[in-house]
Amino acid sequence: MAVGARHCTVRFIELESSSFMNYSLSSSPLHRKQSIHFSNSSQRYNNQCCSLSMNGCQVDSRAPIGTVETRTLPAVSSPALAMERLNYAISDMIKSEPPPYNSGIIRLEVPIEEQIEALEWLHAQNHLLLPRCFFSGRRPPTVASDTCFNGASHSKLVSVAGVGSAVFFTHLRPFSLDDWRSIRRFLSKKCPLIRAYGAIRFDATANIASEWSAFGSFYFMVPQVEFDELEGSSIIAATIAWDNAASLTYQRAIDALRITIWQLSSVLMTVQKKIPHSHILASTHVPGKASWDHAVKRALQIISRNDPELIKVVLARSTRVVTAADIDPLTWLACLMVEGENAYQFCLQPPHSPAFIGNTPEQLFHRPPTFVVRL
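Residues numbered from 1 in each chain as written. Predicted model: local features only at pLDDT ≥ 70, side-chain atom pairs only at ≥ 80, totals over all residues. Heavy atoms only, no water.

1. Some remarks on the packing of aromatic side chains
Right, on to step 1. Considering all chains together, one arrives at 12 aromatic pairs under this definition.
Right, on to step 2. Ring geometry for Trp212 and Phe356: centres 4.9 Å apart, planes at 85°, overall edge-to-face. Note that Trp212 is positioned in the loop between strand S9 (196-201) and strand S10 (218-230) and Phe356 in strand S15 (residues 355-360), a separation of 144 residues in sequence.
Right, on to step 3. With relative accessibility at 0%, the residue Phe356 sits in the buried group.
Right, on to step 4. Among the aromatic side chains, those forming a connected cluster through ring pairs are Phe135, Tyr197, Trp212, Phe215, Phe346 and Phe356. (Phe/Tyr/Trp six-rings, centres within 6.5 Å; stacked < 30°, edge-to-face > 60°. Helix = DSSP H or I, 4+ residues; strand = E, 2+ residues; numbered from the N terminus. Buried < 20%, exposed > 50% of the residue type's maximum accessible area, 1.4 Å probe, protein only.)

What follows is the structure in structure tokens.
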């Protein structure tokens with residue numbers, strides 16, 4: 001995606017033409033519909049200082065993980081106090097003997113006795129040049145995702161925001177069973193909020209456009225720092241993942257987490273829910289009207305033949321808009337949340353990549369703990 005100085009490029013696409021499906025592994029629904037792909041002149045991703053992380057697809061997917069743990073600290077009243085508590089806990093881990101495992105993943109979480117919008121927390125981290133993600137369910141939530149504070153009352157998960165990656169999973173080849181196993185080895189039923197968020201291409205055999213190159217054929221991340229918005233409360237969590245086989249030791253992983261924690265902001269900012277006006281410099285549609293008309297005519301002919309092999313017809317197109325001023329993707333996402341309350345929203349931004357955001361009312365899959373339901 002070529003971008004001129006001081007210009008912002010926004011690409012509107014149908015997900016079925018963009019070749020990406022969005023997932024939360026291990027519980028949230030898969031969703032698709034209209035999405036927006038951002039690139040801008042500020043080049044947030046060009047000089048990205050990524051936290052030290054590992055690609056979980058580069059180690060043996062069948063090797064057992066040493067430990068999967070969630071450690072819940074006492075609840076506090078504000079994000080600032082939660083960050084303070086996390087810092088103390090991480091300092092204690094640095095001073096203590098490392099776990100006796102060659103690999104593992106540990107989530108430290110601090111409940112906050114206030115419901116805070118996850119998107120506002122993520123917007124407060126806009127200064128960080130790190131991979132990030134955001135996933136939100138319908139409002140009110142239609143699928144309960146329960147969690148527990150120190151064995152106490154349960155709350156429903158509303159939305160999740162994350163920065164940095166404790167571990168990520170990506171490759172240029174199509175997503176395979178081994179890749180699923182690579183992700184699965186870092187997940188556990190006993191730690192339901194350790195999750196991998198990301199996307200898979202619909203057609204991994206197609207050529208990858210330059211704007212999608214950082215996504216590969218799939219991209220998933222377990223956030224290094226995560227903010228969970230619950231009904232009536234919140235959680236901030238930090239996750240450490242290591243695997244000596246991937247040359248990421250426990251000590252290096254915890255040092256990288258500490259660097260990210262130091263950069264976080266606890267001062268929340270309200271996300272603007274109105275897109276500022278900006279002059280449109282150029283707008284192009286792919287395919288154009290003539291090609292679109294031809295595609296519609298051909299689709300109608302195929303439908304009229306009652307071809308038994310025909311399962312679905314998708315007539316999608318993309319629109320590329322170049323604006324005179326930058327548009328913050330999180331601001332646009334906040335606007336989509338206002339307009340589509342009964343919908344799912346997402347944002348995914350790997351390192352060195354534009355932001356990929358979307359808003360859809362569709363729930364295609366639901367994943368209970370041990371199986372997948374196609375809707």
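So much for the structure itself; the text now carries on.
2. Looking at helix H4 (residues 177-184)
Right, on to step 1. Inspection of H4 places Asp179, Ser182 and Ile183 among the buried residues, and these make up the whole buried set. Buried residues of H4 fall within an arc of 95° about the axis and therefore sit on the same side. (Arc of directions from axis to C-beta.)

3. Some remarks on the nonpolar core
Right, on to step 1. The biggest cluster of nonpolar side chains holds 63 residues, and the ones touching the most others in it are Trp121, Phe134, Phe169, Ile236 and Ile261.
Right, on to step 2. Not counting residues up to four positions away in its chain, the partners in contact with Trp121 are Ala161, Gly162, Val163, Val225, Phe227, Ile236, Leu264, Ser265 and Leu268.
Right, on to step 3. By size, the runner-up hydrophobic cluster in this structure holds 16 residues, among which are Cys133, Val160, Ile235 and Phe356. (Core = buried A, V, L, I, M, F, W, Y, C linked by side-chain atoms within 4.5 Å. Contact = heavy atoms within 4.5 Å.)

4. Quick notes on the pattern of salt bridges
Right, on to step 1. All told, the structure shown has 10 salt bridges when counted by the stated rule.
Right, on to step 2. Ionic pairing is found between Arg107 and Glu109, a salt bridge with its closest N-O pair at 2.7 Å.
Right, on to step 3. With relative accessibility at 1%, the residue Arg107 sits in the buried group.
Right, on to step 4. With its nearest N and O atoms 3.3 Å apart, the salt bridge here joins Arg181 to Asp178. Of this pair, Arg181 and Asp178 both sit in helix H4, three residues apart, which is roughly one turn of the helix.
Right, on to step 5. Look at Arg181 and you get partly exposed, because its relative accessible area is 26%.
Right, on to step 6. Through salt bridges with shared partners, a single network forms among Arg107, Glu109, Glu226 and Asp228. (Salt bridge = Lys/Arg side-chain N within 4 Å of Asp/Glu carboxyl O.)

5. A closer look at the confidence of the model for the protein chain
Right, on to step 1. For the protein chain, the mean per-residue pLDDT works out to 80, and 76% of the residues sit at or above 70.
Right, on to step 2. Scored below 50 in pLDDT, residues 142-154 makes 30 contacts in the model with residues more than four places away or belonging to other chains. (pLDDT = per-residue confidence, 0-100.)

6. Digging into unusual backbone geometry
Right, on to step 1. Between Val286 and the following residue, Pro287, the backbone shows a cis peptide bond with an omega angle of 5°.
Right, on to step 2. Note that Pro287 resides in the loop between strand S12 (280-286) and helix H6 (289-304).
Right, on to step 3. The backbone phi angle of His352 is positive, close to 55°, even though this residue is not glycine.
Right, on to step 4. Tracing the backbone shows His352 in the loop between strand S14 (344-349) and S15.
Right, on to step 5. With a relative accessible area of 47%, His352 lands in the partly exposed category.

7. Considerations on the pairing of S14
Right, on to step 1. Taking burial as the measure, the six residues of S14 include six buried ones, the bulk of the element.
Right, on to step 2. The pairing of strand S6 (residues 132-136) with S14 spans five bridges and is antiparallel. Counterpart to Phe134 in the pairing with S14 is Cys347.
Right, on to step 3. Sheet analysis places S14 next to S15, joined by five bridges and oriented antiparallel. Within the sheet, the bridge partner assigned to Tyr344 lies in S15 and is Thr360.
Right, on to step 4. Counted between consecutive antiparallel strands, the loop separating S14 from S15 contains five residues, among which His352 sits at a positive phi close to 55°. (Pairing = 2+ DSSP bridges.)

8. Concerning the pairing of strand S4 (residues 68-72)
Right, on to step 1. In the sheet, S4 pairs with strand S5 (residues 103-112) via five bridges, with the strands oriented parallel. Across the sheet, residue Arg71 finds its bridge partner in S5, namely Leu108.
Right, on to step 2. For the segment spanning S4, helix H2 (residues 79-95) and S5, crossover handedness is right-handed. (Right-handed = clockwise from strand over helix to strand, strands pointing away.)

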